[in-house]
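# Tertiary structure, described
Here is what each chain is made of, one letter per residue.
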Amino acid sequence: MGSFLIVHSLLIFLLFLLSTALCNLDHTHYAKEIFQAAKREKDWLVSIRRQIHENPELKFEEHNTSALIRRELDKLGVSYSYPFAQTGIVAEIGTGSPPVVALRADMDALPLKELVEWEHKSKIDGKMHGCGHDAHTTMLLGAAKLLSQRKEKLQGTVRLLFQPGEEGGAGASHMVKEGALGVAEAIFAMHVDFTSPTGTIGSKSGPLLAAVSSFEAKIVGKGGHAAEPHQNIDPIIAVSFSILALQQLVSREIDPLSSQVLSVTYVSGGTVNNASPSYVEFGGTLRSLTTDGLHQLIHRLKEVIQGQAAVHRCTAYVSTREEEHPLLPAVVNDERLHKHVKRVGSLLLGPQNVKVDKKVMAGEDFAFYQEAIPGSMFSIGIRNEEVGSIHSPHSPYFFLDEEVLPVGAALHTALAELYLSEHL
Ligand code: NI
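Predicted model only: the values in this text are computed from it and were never measured. Residue positions are given per chain, counting from 1 as you read along its sequence in written order. Selection of residues for local features in this predicted model requires a pLDDT of at least 70, selection of side-chain atom pairs for listing and counting requires 80 or more, and totals for whole chains, interfaces and linings are taken over all residues. Here the side-chain values reflect all heavy atoms present in the structure, with hydrogen atoms and water set aside.

What follows covers the sheet that holds strand E10 (residues 260-268). An order of E10-E12-E8-E13 is seen for the 4 strands of this open sheet, with the pairing classed as antiparallel. Of all strands in the sheet, those with a lone pairing partner are E10 and strand E13 (315-319), marking the two edges. Neighbouring strand axes in the sheet, compared pairwise and without regard to direction, differ in orientation by 20° on average. Relative to strand E12 (residues 279-288), E10 is paired through 8 bridges, and the arrangement is antiparallel. Bridge pairing links Tyr266 to Gly283 in E12. Across the sheet, helix H6 (residues 235-253) is in contact with strand E8 (211-220), E10 and E12; its angle to E10 comes to roughly 165°. Between two residues, a contact is recorded if the distance between any of their heavy atoms is within 4.5 Å. Lines fitted to C-alpha atoms define the axes here, with helix axes fitted over just the stretch in contact, and angles between the N-to-C directions of these axes take values from 0 to 180 degrees. In DSSP terms, a helix is any run of H or I states spanning at least four residues, a strand is any run of E spanning at least two, and both are numbered starting from the N terminus. The sheet strands contacting helix H7 (residues 291-311) are E8, E10, E12 and E13, and the helix crosses E8 at an angle near 10°. The pairing criterion is simple: DSSP has to find at least two bridges between the two strands.

Laid out in structure tokens, this is it:
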């Protein structure tokens, strides 16, 4: 009886080993297949990216970019809905039933003059794809092609979101409001990263990017001749005290282990040296790794400026101008989806090429999707000294290593397909 049990357990153990090995083999085979398929599309990907790069369009004006995407989707026979948030597109591939997973790319360029001299430089003066959104769009279109080639194998539905207005437009919030997520239960997105080599990614669970808001303030006093200060109410003094008092908010009121930024970035008031102005304007940026922290910081900012103005007999007007600059929530990655990114990244690129992303106090409107459903955003390396892909985004010298295009297309494809097949 005893020996029977031992043999029995041994058999079960061997079967387990065999199934794990087969499963790994299966996954390795899958990763190779996807990567090869993506590499076969490299020339096409490069040509799409160059067309978009040469014709950059600013937030909510991505009409030609959107038309190009729709043309390509038509050629692929992929169905889509349009428009969302003016120029946005949502394509769908798969069974048309749940589970539904979403992938997102942003399409807009920057008001920047490209200073890189190359054959496919921006043809529009003062506009440039200086943040890699041309690559994001291309990689998602690449995934549309690969996924449509594999549509019979998909065990659910992939929604591909081509979004306008990421740069200061909060395009994602409009996409969400207009129903772009449908019944998607998870969403992934990537952003190019010039600090990590091409062929690597970075991912992180929890807070990744800051909640961001900006403010502008006007302190009004009473202008007059500088020889008679007692006849005037000097707004310059009130602004000076306000700016100094604002420095205490992060250093004295916030837990030192949480992260916030409050920077006054401009002051403007007065034009001559013998008269006090009647008002002074100033403004800046507010950031916090938690959305609640940002709301608290805005609340205290208003109190401090109004209090300091009152002490100096002035009146203060403070605004975060949310209609033009909607407050961005913090990007907080879902633990389960982060693990999925890490695993799929390791499968495609090798575990040594999946790093831990650094937290940064920059903002991203991907946070609006994450307020609606779990999401994970990760970085994809583009650093390559040989081609000059060494400049930070928003630099007029920003230059993309196009080798990233098949890598991103393969990652998007595998993230979605494996999410669906392993969902249950
Ligand atoms: Ni960007």
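Further notes follow.
In terms of residue burial, strand E16 (residues 375-383) counts as a mostly covered element, since 8 of its 9 residues are buried. Where strand E6 (residues 201-203) lies against E16, 2 bridges are found, and the strand directions are antiparallel. Of the residues in E16, the one forming a bridge with Ile201 is Ile380. Partly exposed residues are those whose accessible area sits between 20% and 50% of the maximum for their type, while under 20% is buried and over 50% is exposed, using a 1.4 Å probe and protein chains only.

Let us now look at the domain arrangement of the protein. Boundaries of every domain are those given by an automatic assignment or by a domain database. Each domain of the protein was delimited in the assignment, giving domain 1 (28-209 + 330-422) and domain 2 (211-319). A separation of 39 Å is found between the C-alpha centroids of domain 1 and domain 2. Across the boundary between the two partners, domain 1 contributes 9 residues, which contact 10 residues of domain 2. Accessible area that two parts lose when put together, evaluated with a 1.4 Å probe and summed over both, is termed the buried area. The junction of domain 1 with domain 2 conceals about 660 Å² of combined surface from both sides, 68% of it contributed by carbon and sulfur atoms. Counting the surface domain 1 buries against domain 2, the share from its top three residues, Pro207, Ala330 and Met361, is 71%. By definition, a salt bridge exists where a carboxyl oxygen of Asp or Glu is found within 4 Å of a side-chain nitrogen of Lys or Arg. If you look at where domain 1 meets domain 2, you find 0 salt bridges. Polar contact criterion, stated in full: a pair of N or O atoms within 3.5 Å, where within protein one must be able to donate a hydrogen and the other to accept it, and residues adjacent in sequence count only if both atoms are side-chain atoms. On the surface where domain 1 and domain 2 come into contact, there are 2 residue pairs in polar contact (both at pLDDT 80 or more). Its residues assigned to classes, the side of domain 1 that touches domain 2 shows 7 nonpolar, 1 polar and 1 charged. Residue classes follow a fixed rule: Ala, Val, Leu, Ile, Met, Phe, Trp, Tyr, Cys and Pro count as nonpolar, while Asp, Glu, Lys and Arg count as charged, and any other residue, Gly among them, counts as polar.

Once that is clear, we can look at helix H10 (residues 404-421). Between its terminal C-alpha atoms H10 stretches 26 Å, which fits the 26 Å expected from 18 residues at 1.5 Å a residue. Across the 18 residues of H10, 17 count as buried, placing the element largely inside the fold. What a helix is expected to span follows from its residue count: subtract one and scale by 1.5 Å.

Following the sequence through the fold, His338 ends up in helix H8 (residues 335-349). Since its relative accessible area comes to 9%, His338 is described here as buried. A distance of 3.4 Å separates a polar atom in the side chain of His338 from the backbone nitrogen of Lys204. If near-sequence neighbours (up to four positions away) are discounted, His338 is found in contact with Ser203, Lys204, Ser205 and Ser376.

Further remarks concern helix H2 (residues 42-54). Along its 13 residues, H2 runs 18 Å from first to last C-alpha, staying within 8% of the 18 Å computed at 1.5 Å per residue. Inspection of H2 places Trp44, Leu45, Val46, Ile48, Arg49, Ile52, His53 and Glu54 among the buried residues, and these make up the whole buried set.

The interhelical angle for the contact between H2 and helix H3 (residues 63-76), taken along N-to-C directions, is 155°, at an axis separation of 10 Å. Between H2 and H3, the angle is such that the two are roughly antiparallel. In this structure, H2 meets H3 at a crossing whose hand is right-handed. Counting all contacts with H2, which are made through Trp44, Ile48, Gln51 and Ile52, the residues of H3 involved are Thr65, Leu68 and Glu72. Any angle that falls under 35 degrees is termed roughly parallel, while one over 145 is termed roughly antiparallel, one within 65 to 115 roughly perpendicular, and all others oblique. Crossings are sorted by hand: turned counterclockwise from the far helix by less than a right angle, the near helix makes the crossing left-handed, and turned clockwise it makes it right-handed.

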